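# Examining the three-dimensional arrangement
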Amino acid sequence: MSGVMITGERFVAPYAARRETSRGRRYPEPVSEHRTEYQRDRDRVIHSNAFRRLVYKTQVFVNHEGDLYRTRLTHSMEVAQIARSIARALHLDEDLTEAVSLAHDLGHTPFGHAGQDALNACMREYGGFEHNLQSLRVVDEIEERYADFPGLNLTFEAREGILKHCSVNNARQLGELGERFIERRQPGLEAQLANLADEIAYNNHDVDDGLRAGLIAIEDLRDVRLFARHHDAVRAAYPELASRRMVHEIIRRMINEVVLDVIDTSGERIARTGVASIDDVRNADGQLVMMSAAVHADHIALKRFLGEHVYRHYRVLRMTAKAQRVLKELFDALFDDVRLLPEEYADNARAAEAEQGKAGRARAVADYVAGMTDRFAMLEHRRLFDPGGRT
Ligand code: MG
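Residues numbered from 1 in each chain as written. Predicted model: local features only at pLDDT ≥ 70, side-chain atom pairs only at ≥ 80, totals over all residues. Heavy atoms only, no water.

### A closer look at the overall build of the chain
Per the secondary structure count, the chain includes 19 helices and zero strands. Over its C-alpha atoms the chain spans a radius of gyration of 22 Å, differing by no more than 12% from the 21 Å that the globule rule assigns to 391 residues. Of the roughly 18800 Å² of accessible surface on the chain, 50% is carried by carbon and sulfur atoms. In the chain, 55 positive and 62 negative side-chain charges are present, and the distance between their average locations comes to 3 Å. (Helix = DSSP H or I, 4+ residues; strand = E, 2+ residues; numbered from the N terminus. Rg over C-alpha atoms; globule rule 2.2 N^0.38 Å. Areas by Shrake-Rupley, 256 points an atom, 1.4 Å probe, with all protein chains shown as cover. Lys, Arg positive; Asp, Glu negative; His and termini not counted. Charge placed at Lys NZ, Arg CZ, Asp CG, Glu CD.)

### With respect to the side chain of Thr 109
Looking at where Thr 109 falls in the secondary structure, it is placed in the loop between α4 (94-103) and α5 (112-122). According to the relative accessible area criterion, Thr 109 is buried, its value standing at 0%. A distance of 3.3 Å separates a polar side-chain atom of Thr 109 from the backbone oxygen of Gly 112. In this structure the side chain of Thr 109 is engaged in a polar contact, spanning 3.0 Å, whose partner is the backbone nitrogen of Gln 116. Here Thr 109 is in contact with Lys 57, Gly 115, Gln 116, Leu 119, Phe 129, Leu 327 and Ala 370, once residues within four sequence places are set aside. (Buried < 20%, exposed > 50% of the residue type's maximum accessible area, 1.4 Å probe, protein only. Polar contact = N/O pair within 3.5 Å; in protein donor to acceptor, adjacent residues only side chain to side chain. Contact = heavy atoms within 4.5 Å.)

### Thoughts on unusual backbone geometry
Phi is positive for His 91, close to 60°, though the residue is something other than glycine. Within the element layout of this structure, His 91 appears in the loop between α3 (72-90) and α4. Of note, the phi angle at Asn 153 is positive, near 50°, even though the residue is not glycine. On the secondary structure map, Asn 153 appears in the loop between α6 (131-142) and α7 (156-162).

### Quick word on the domain arrangement of the chain
Split into domains, the chain comes out as domain 1 (5-24 + 35-315) and domain 2 (318-385). The gap between the C-alpha centroids of domain 1 and domain 2 is 28 Å. Carbon and sulfur atoms make up 64% of the surface buried where domain 1 meets domain 2, a total of about 2500 Å² over both sides. Looking at the side of domain 1 facing domain 2, the largest losses of area belong to Tyr 56, Phe 111 and Tyr 126, adding up to 27% of the total buried there. Linking domain 1 with domain 2 are one salt bridge, by the criterion used here. The set of elements that each furnish at least two residues to the side of domain 1 that touches domain 2 consists of α5, α6 and α16 (314-336). Broken down by element, the residue count for the side of domain 1 that touches domain 2 peaks at six residues, all from α5. (Domains from an automatic or database assignment. Buried area = accessible area lost by both parts, 1.4 Å probe. Salt bridge = Lys/Arg side-chain N within 4 Å of Asp/Glu carboxyl O.)

### Some thoughts on α5
All buried positions along α5 are accounted for by Gly 112, Ala 114, Gly 115, Gln 116, Ala 118, Leu 119 and Cys 122. Looking at the packing, one finds that the buried side of α5 touches α3, α6, α16 and α18 (358-371).

### Describing the coordination of the magnesium ion
Summarising the metal site, the magnesium ion is bound by the protein donors His 75 (NE2), His 104 (NE2), Asp 105 (OD) and Asp 198 (OD), whose distances to it range over 2.1 to 2.7 Å. Of note, the donors binding the magnesium ion are all from one chain and are spaced H-x28-H-D-x92-D. Under the relative-accessibility criterion, Asp 105 is labelled buried at 3%. (Donors = N, O, S within 2.8 Å, 3.2 Å for Na, K, Ca; no water.)

### Topic: the packing of α3 against helix α13 (residues 243-273)
One can describe the packing of α3 onto α13 by two numbers: an axis separation of 10 Å at closest approach and a directional angle of 35°. Where α3 crosses over α13, the handedness of that crossing is right-handed. Contacts from Ile 82, Ile 86, Ala 89 and Leu 90 of α3 reach α13 at Ile 255, Val 259, Val 262, Ile 263, Ser 266 and Gly 267. Across the contact of α3 with α13, the residue classes break down as eight nonpolar, two polar and no charged. (Axes fitted to C-alpha atoms, helices over the stretch in contact; angles between N-to-C directions. Left-handed = near helix turned anticlockwise from the far one by under 90°. Nonpolar A, V, L, I, M, F, W, Y, C, P; charged D, E, K, R; others polar.)

### Re the side chain of Asn 203
Relative to the helices and strands, Asn 203 resides in helix α10 (residues 189-212). Accessibility expressed as a relative area gives 1% for Asn 203, which makes it buried. Filtering out sequence-adjacent residues up to four positions away, Asn 203 remains in contact with His 299, Leu 302, Lys 303 and Leu 306.

### A closer look at the packing of aromatic side chains
On inspection of all chains with the given rule, the structure shows five aromatic pairs. Residues Phe 331 and Phe 335 carry aromatic rings whose centres are separated by 5.6 Å and whose planes lie at 15° to one another, so their mutual orientation is stacked. Of this pair, Phe 331 and Phe 335 are both found in helix α16, four residues apart, which corresponds to roughly one turn of the helix. By the burial criterion, Phe 331 is buried, and Phe 335 matches it. A network of ring pairs unites the aromatic residues Tyr 27, Tyr 146 and Phe 149 as a single cluster. (Phe/Tyr/Trp six-rings, centres within 6.5 Å; stacked < 30°, edge-to-face > 60°.)

### Observations regarding the pattern of salt bridges
Applying the stated criterion to the full structure yields 43 salt bridges. Arg 25 serves as the salt-bridge partner of Glu 37, at 2.8 Å between the closest nitrogen and oxygen. Residue Glu 37 is located in helix α1 (residues 37-46), and its partner Arg 25 is located in the segment before α1; the two are separated by 12 residues in the primary sequence. This pair shows no difference in class: Glu 37 is buried, exactly as Arg 25 is. Of the charged contacts in the structure, one is a salt bridge between Glu 179 and Arg 185, with a shortest N-O distance of 3.7 Å. For Glu 179, a relative accessible area of 32% gives the class partly exposed. Through salt bridges with shared partners, one network takes in Arg 35, Arg 42, Asp 43, Arg 84, Arg 88, Glu 94, Asp 95 and Glu 98.

### Brief notes about α18
The terminal C-alpha atoms of α18, which comprises 14 residues, lie 20 Å apart, in line with the 20 Å expected from a rise of 1.5 Å per residue. Along α18, 12 of the 14 residues are buried, which leaves the element largely enclosed by surrounding structure. Considered for burial, the residues of α18 that qualify are Gly 360, Arg 361, Ala 362, Arg 363, Ala 364, Val 365, Ala 366, Asp 367, Tyr 368, Val 369, Ala 370 and Gly 371. Structurally, α18 contributes buried residues whose contacts are with α2 (49-53), α5, α6, α16, α17 (343-356) and α19 (374-385). (Expected span 1.5 Å × (residues − 1).)

As structure tokens, this is what we get:
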């Protein structure tokens, strides 16, 4: 163990993200006496504007459809919960894991994936739009919370975790952070874990939300092996259990099975590869945080089922189509005439255009649209297109 522990510091394994090996922040800052650097990252994410907006952004079901559905905020919290449980078991840095989990969707557009696809289409000639990269833009550039620097000035490790995917083209613009996509290296274990926890979270909560919305029924889900196995076990143990508790008990067990499997499988892989530092992890031959082959096959089968029966259900597709029209119309109207933007944003768009031409203007409009919550996008659409609406 090197150095004195600061308050709040826990034991983390040598292969975890550690302050001695951190690549630090873009703008150096004095260290805090009471919080670790990764705790500060997590706290900065929680205090950001983009984080508060997640409560009004769609996960799968549009925010106004019902109060019990996941939003991007509750989704992000479920991701953080799952990721932290695993992080603690594997002796990873729990605070960094939490920071990445809570920040992973900060760049998401309104209306979930439908919104991201629509905005990507609008931006096709101007470098495209990718929500991962936008999450990074939010924490690096867009948040305005500090006198001394733009964005949240998070550590390299947090930024590395937030940028899950990136095209080689975009990676070239990102300097040190983009290198791993060009050289095909891995991110640290906390980043790998937050990414996997994202999949575990939505795969399970979308079963719950899909059942609640009546898009799928328990009988349909029996085609999915993971579900059927736990359904059988719960029915055998509690034959009289009412359906709501039945569903929650099954989902709880499904999450638990996958979490335990990730802990075992990843623990074994970490031990077998003998990684002794975060750089060893980065240079390892493939990801080390993972499910076993058998559990992964079950997980993929569930994901496929959801794709077919939930995400492509006609009621979801109607919402998707509406959302795409709204975002496209918003983007087109604002891009064609930036004077329609609120003044500060219009100024940004003009400045960006002076520097980078039309692509700069497009990016400024995309930033404005991507930052909207579902309900703000609908309101803004009414203001721009409904002749009887208020402006
Ligand atoms: Mg997510």
